[in-house]
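# Structural overview
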Amino acid sequence: MADAYVAIEGERVVEARSRAPGTARGELVFTTAYTGYEESLTDPSYEEQVLTFSYPLIGNYGVREERFESDRVHPRAAVAREMTDDVAEWLESEGVPAVDHLDTRDIVTEIRDEGAMKCGISAGPDASEEAALEQLAQCEHMSDHTDIGAQVSVDERETHNEAGDGPTVALVDCGAKGSIVSSLVERDATVHVLPYDTTPETVDELDPDVLFISNGPGDPVNFEQANELVAEKVGDVPLAGICLGQQVVANALGGDTEKMEFGHRGVNQPVRDLRSGQVVMTTQNHGYTVADPGEKLDVTQVNVNDDTPEGLENDDLDIITRQYHPEANPGPNDSLDFFDDVLALAEE
Ligand SMILES: NC(=O)CC[C@H](N)C(=O)O
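Everything numeric in this text was worked out from a predicted model, so none of it was measured.

## Considerations on the UniProt feature "domain: Carbamoyl-phosphate synthase small subunit N-terminal" (unreviewed entry) in the chain
Per the UniProt record, the feature "domain: Carbamoyl-phosphate synthase small subunit N-terminal" (unreviewed entry) sits at residues 2-122. Taken end to end, residues 2-122 is 21% helix and 37% strand, and its two terminal C-alpha atoms sit 11 Å from one another.

This is the structure in structure tokens:
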């Protein structure tokens, strides 16, 4: 008998098995990645979302902290066809509801056909369809989480590799993955991780060689302070951005972002570099995209599937951003040279 329910927009309720009890709500998103469940579940970009794994078995190589991208689980709940006890126990210990034994292929197909959807979950001994529907009724649109940065950012500056010989990077933490910091530190950069609402004055005091806007959850227009920071600092310091970071940079420089139908969600998204013609496979997890890069940014890379901008640059202003995740984790390491390119801007 079912002891978990997933209510999907349109009031459809899917029966499931509870793997970690509780109620939750959020935008229903998916990842097609076949590995990397620890990295995805700890990626702050998934805040306020319910993550469905389309790969059918999640947890088959255990749970190891060294693979975490942050210090907690960020999706509001996890959905899989089959979840191992290791993962289920980890999610329960974090208070994050989890369900399995449902047709995840059907759910992912529905998201792809109908577009992004809200959902509500009720799992465990007290679970009911009504509770799942009640969660669904209370679920907000991603864009309505106007101060989502406060949920995922550091509260105060954290410095990594203080004695490094490389450039100094000011990383605005809009929900940064740990691998972005480690990719920079491995290249001997000193990285100041700064709160999402950092002011231009604070950045001026640190006098960094690069201002870097991180990935993060939700609608980029809600990161107003980061927008203002970029608008203020452009031209004074090289700028870099990943995922939400690309979107914030585009918005700050006169461009525009919009919500996609269901986003780019997996570790096999093909991206073409327009200068070299080369295609690389990339990791992606985003629901918004740059609709208009504005006058200052050139689109240098595009998604092969739908032509959306994957790389924006301005050589004169020293700006380089990516919509995908060059730091991988999960996913292919083919784009790690992005971090060399960012630090080269600093050294020029
Ligand atoms: N991974 C990210 O940084 C996601 C960016 C943004 N929140 C989006 O959904 O488009």
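Following the structure, the description resumes.
## Examining the site of the ligand
Close to the ligand lie 13 residues; Gly-216, Gly-218, Cys-243, Gly-287 and Tyr-288 are nearest. Separating a nitrogen atom of the ligand from a backbone N or O atom of Gly-218 is a distance of 2.7 Å. The contact in question runs from an oxygen atom of the ligand to an N or O atom on the backbone of Tyr-288, over 2.8 Å. Calculation on the ligand without its partners gives an accessible area of 300 Å², and the protein chains cover 96% of this total. Only helix H9 (244-252) and strand E16 (279-292) provide two or more residues apiece to the shell around the ligand. Element by element, the count of residues in the shell around the ligand is highest for E16, at four residues. The class makeup of the residues in the shell around the ligand is four nonpolar, nine polar and no charged.

## A closer look at helix H10 (residues 337-347)
Among all positions in H10, only Phe-338, Phe-339, Val-342, Leu-343, Leu-345 and Ala-346 are buried. Take H10 and look down its axis: the buried residues cluster within an arc of 145°, on one side only.

## What about the packing of aromatic side chains?
Applying the stated criterion across every chain yields a total of five aromatic pairs. Considering the side-chain rings of Phe-68 and Trp-90, the 4.8 Å spacing of their centres and the 15° angle between planes classify their relative orientation as stacked. With a gap of 22 residues between them, Phe-68 in the loop between strand E5 (57-58) and strand E6 (77-79) and Trp-90 in helix H2 (residues 85-93) connect regions that are remote in the sequence. Within the aromatic cluster, the residues linked to one another by ring pairs are Phe-212, Phe-338 and Phe-339.

## Quick word on the nonpolar core
Ranked by internal contacts, the top residues of the largest apolar core, which has 29 residues, are Leu-211, Ile-213, Phe-223 and Val-230. Broken down by secondary-structure element, the contributors of at least two residues to this core are strand E11 (168-172), helix H7 (200-206), strand E13 (210-213), helix H8 (224-233), H9 and E16. Ranked by residues supplied to this core, first place goes to H9 with five residues. In this structure, Val-230 is in contact with Ile-213, Leu-239, Val-248, Val-249, Ala-252 and Leu-253, ignoring residues within four places of it in sequence. Counting residues in hydrophobic clusters, the runner-up holds 22 residues, among them Val-154, Val-169, Ala-189 and Ile-320.

## With respect to unusual backbone geometry
In this structure, Pro-330 follows Asn-329 across a cis peptide bond, with omega equal to 5°. Among the structural elements, Pro-330 can be located in the loop between strand E19 (319-322) and H10. One non-glycine residue, Cys-243, lies in positive phi territory at about 55°. Tracing the backbone through its elements, the reader meets Cys-243 in the loop between strand E14 (239-242) and H9. Positive phi outside glycine occurs at Asn-329, with the angle close to 55°. Note on placement: Asn-329 falls in the loop between E19 and H10.

## Considering the sheet that holds strand E15 (residues 256-273)
Either a parallel or an antiparallel arrangement is found when strands of a sheet pair, and the pairing is made through backbone hydrogen bonds. Judged by pairing direction, the sheet is mixed, and its 10 strands sit side by side in the order E10-E12-E11-E13-E14-E19-E18-E17-E15-E16 without closing on themselves. Looking along the sheet, the strands with just one partner apiece sit at the ends: strand E10 (158-160) and E16. Strand after strand, the sheet turns through a mean of 20° between neighbouring axes, direction not considered. Sitting on the sheet, helix H6 (residues 178-185) touches E10, E11, strand E12 (190-194), E13 and E14, and the angle it makes with E12 is about 155°.

## Quick look at the environment of Gly-36
Considering the arrangement of structural elements, one finds Gly-36 in the loop between strand E3 (22-31) and helix H1 (37-41). Here the alpha-carbon distance between Gly-36 and Val-234, two residues 198 residues apart in the chain, equals 35 Å. Not counting chain neighbours up to four residues away, the residues in contact with Gly-36 comprise Tyr-61 and Pro-330.

## Examining the pattern of salt bridges
Counted under the stated rule, the structure contains 19 salt bridges. Glu-27 serves as the salt-bridge partner of Lys-259, at 2.7 Å between the closest nitrogen and oxygen. Of this pair, Lys-259 sits in strand E15 while Glu-27 is found in strand E3, placing the two residues 232 residues apart along the sequence. Given the relative accessible area of 8%, Glu-27 is considered buried. One salt bridge in this structure joins Asp-204 and Lys-233, with 2.4 Å as the shortest N-O distance. Residue Asp-204 is located in helix H7, and its partner Lys-233 is located in helix H8; the two are separated by 29 residues in the primary sequence. The class for Lys-233 is buried, based on a relative accessible area of 9%. A single network of salt bridges, built from pairs that share partners, joins Arg-17, Arg-19, Glu-82, Asp-85 and Asp-100.

Cut-offs used in this document
Residues numbered from 1 in each chain as written. Predicted model: local features only at pLDDT ≥ 70, side-chain atom pairs only at ≥ 80, totals over all residues. Heavy atoms only, no water. UniProt positions renumbered as here; feature names shortened; annotations may be inferred. Helix = DSSP H or I, 4+ residues; strand = E, 2+ residues; numbered from the N terminus. Near = heavy atom within 4 Å. Polar contact = N/O pair within 3.5 Å; in protein donor to acceptor, adjacent residues only side chain to side chain. Areas by Shrake-Rupley, 256 points an atom, 1.4 Å probe, with all protein chains shown as cover. Nonpolar A, V, L, I, M, F, W, Y, C, P; charged D, E, K, R; others polar. Buried < 20%, exposed > 50% of the residue type's maximum accessible area, 1.4 Å probe, protein only. Arc of directions from axis to C-beta. Phe/Tyr/Trp six-rings, centres within 6.5 Å; stacked < 30°, edge-to-face > 60°. Core = buried A, V, L, I, M, F, W, Y, C linked by side-chain atoms within 4.5 Å. Contact = heavy atoms within 4.5 Å. Pairing = 2+ DSSP bridges. Axes fitted to C-alpha atoms, helices over the stretch in contact; angles between N-to-C directions. Salt bridge = Lys/Arg side-chain N within 4 Å of Asp/Glu carboxyl O.

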